[in-house]
Amino acid sequence: LAAYILEGKDIRSNETIEKHADWVETFRDQYTFTKENVEEILQQNYAQSVTLQGMASRFHIDMSYLSTLFHEHTGKTFTSYLTDIRINHACEYLRTTTLSNAKIAQLCGFADDSYMKKVFRKVINQTPSAYRAANLGENMVTESEESGK
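Residues numbered from 1 in each chain as written. Predicted model: local features only at pLDDT ≥ 70, side-chain atom pairs only at ≥ 80, totals over all residues. Heavy atoms only, no water.

1. Quick notes on the packing of helix α3 (residues 35–45) against helix α6 (residues 78–96)
Working note: a packed helix pair is described by the angle between its axes plus the distance between those axes.
1) Next: Viewed as axis vectors pointing N to C, α3 and α6 meet at an angle of 40°, and their least axial separation amounts to 10 Å. With respect to α6, the axis of α3 lies oblique. With respect to the hand of their crossing, α3 and α6 are arranged in right-handed fashion. Two secondary-structure elements touch here, α3 through E39, L42 and Q43 and α6 through F78, Y81, L82, I85 and H89.
2) Next: Within the contact of α3 with α6, the residues separate by chemical class into 5 nonpolar, 2 polar and 1 charged. (Axes fitted to C-alpha atoms, helices over the stretch in contact; angles between N-to-C directions. Helix = DSSP H or I, 4+ residues; strand = E, 2+ residues; numbered from the N terminus. Parallel < 35°, antiparallel > 145°, perpendicular 65-115°, else oblique. Left-handed = near helix turned anticlockwise from the far one by under 90°. Contact = heavy atoms within 4.5 Å. Nonpolar A, V, L, I, M, F, W, Y, C, P; charged D, E, K, R; others polar.)

Structure follows, in C-alpha cells:
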C-alpha cells in the first residue's frame, strides 16, 4: 500500500482494493488453521525439521491448543502423524529404489539411519532391510538413476 501512496495512486480504487483483497485472502488461507492446511504442510515438508511449536507459530495459535485441535481432527498426535508420513515415504523408497538406508533416512526427515531403524521397527514390526527384502518392487530405481533426477 505504501508504494501506491508514494506513486500517488488512489488506494481506495476498486482495482487496488480487489488486488489487495485477493492477497489478503491468499495470506489468510495459508496461515489459518485447518486440518487440511496442517496436513498439506506436513506432506510437503516431512523431510525437514517440522515441529508442533513451528506450526503453532505459523498459525498464530497456542501450541497446546494446536495439539488438541490436531488430535481431535486426525485422531493422532502431531508427532505420530508426522512419523506415519515419514514411514510411508521410507516404505516407498525401500520398495522402489536401491538407495541406502542412510540416504532414505535423510530424504524422509529422520535424524539418522539408526533412528529411522528404531522407529521403523516400532511402527512396521521389522527392520528397513527386512522390509526391503520382503517387498522389493518390480519398478526398482537404482541409486545412480535416482541421483540423476
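Text resumes after the structure shown.
2. Points about the pattern of salt bridges
1) Next: Under the criterion given, the structure shown has 2 salt bridges.
2) Next: Across the pair D84 and K76 runs a salt bridge, and its minimum N-O distance is 2.3 Å.
3) Next: A relative accessible area of 21% means that D84 is categorised as partly exposed.
4) Next: Here R95 ties to E92 by a salt bridge, and the two come within 2.6 Å at their closest N and O atoms. Residue R95 and its partner E92 are both found in helix α6; the two are separated by 3 residues, about one turn of the helix. (Salt bridge = Lys/Arg side-chain N within 4 Å of Asp/Glu carboxyl O. Buried < 20%, exposed > 50% of the residue type's maximum accessible area, 1.4 Å probe, protein only.)

3. Points about the side chain of T127
1) Next: The residue T127 is located in the loop between α8 (113–124) and α9 (128–134) in this model.
2) Next: In this structure the side chain of T127 is engaged in a polar contact, spanning 3.1 Å, whose partner is the backbone nitrogen of A130. (Polar contact = N/O pair within 3.5 Å; in protein donor to acceptor, adjacent residues only side chain to side chain.)

4. Some words on the nonpolar core
1) Next: Core analysis: the largest hydrophobic core is formed by 29 residues, its most contacted members being L42, M55, F78, I104, F110 and F120.
2) Next: Elements with a contribution of two residues or more to this core: α3, α4 (52–59), α5 (63–74), α6, α7 (101–107) and α8.
3) Next: Examining the composition of this core, we find that 9 residues originate from one element, α6, more than from any other.
4) Next: Not counting residues up to four positions away in its chain, the partners in contact with F110 are R86, I87, A105, Y115, M116 and V119. (Core = buried A, V, L, I, M, F, W, Y, C linked by side-chain atoms within 4.5 Å.)

5. Regarding the packing of α4 against α5
1) Next: Orientation of α4 relative to α5, taken along the N-to-C sense of each, is 100°, at an axis distance of 9 Å. One way to sum up the angle between α4 and α5 is to call them roughly perpendicular. Touching L52, Q53, M55 and A56 of α4 are M63, L66 and S67, all from α5.
2) Next: Class assignment for the residues of the contact of α4 with α5 results in 5 nonpolar, 2 polar and no charged.

6. Considerations on unusual backbone geometry
1) Next: One non-glycine residue, H60, lies in the positive phi region at around 55°.
2) Next: Assignment of secondary structure puts H60 in the loop between α4 and α5.
3) Next: A positive phi angle is found at N125, which is not glycine, with a value near 70°.

7. Observations regarding the environment of R95
1) Next: Residue class for R95 comes out partly exposed when judged on its relative accessible area of 25%.
2) Next: Through-space distance from the C-alpha of R95 to that of R132 is 5.8 Å; in sequence the pair is 37 residues apart.
3) Next: Within the structure, R95 has its side chain in polar contact with the side chain of E92 (distance 2.6 Å).
4) Next: Of note is the side chain of R95, whose polar atom sits 2.6 Å from the side chain of Y131.

Just distances and angles here, no functional claims.
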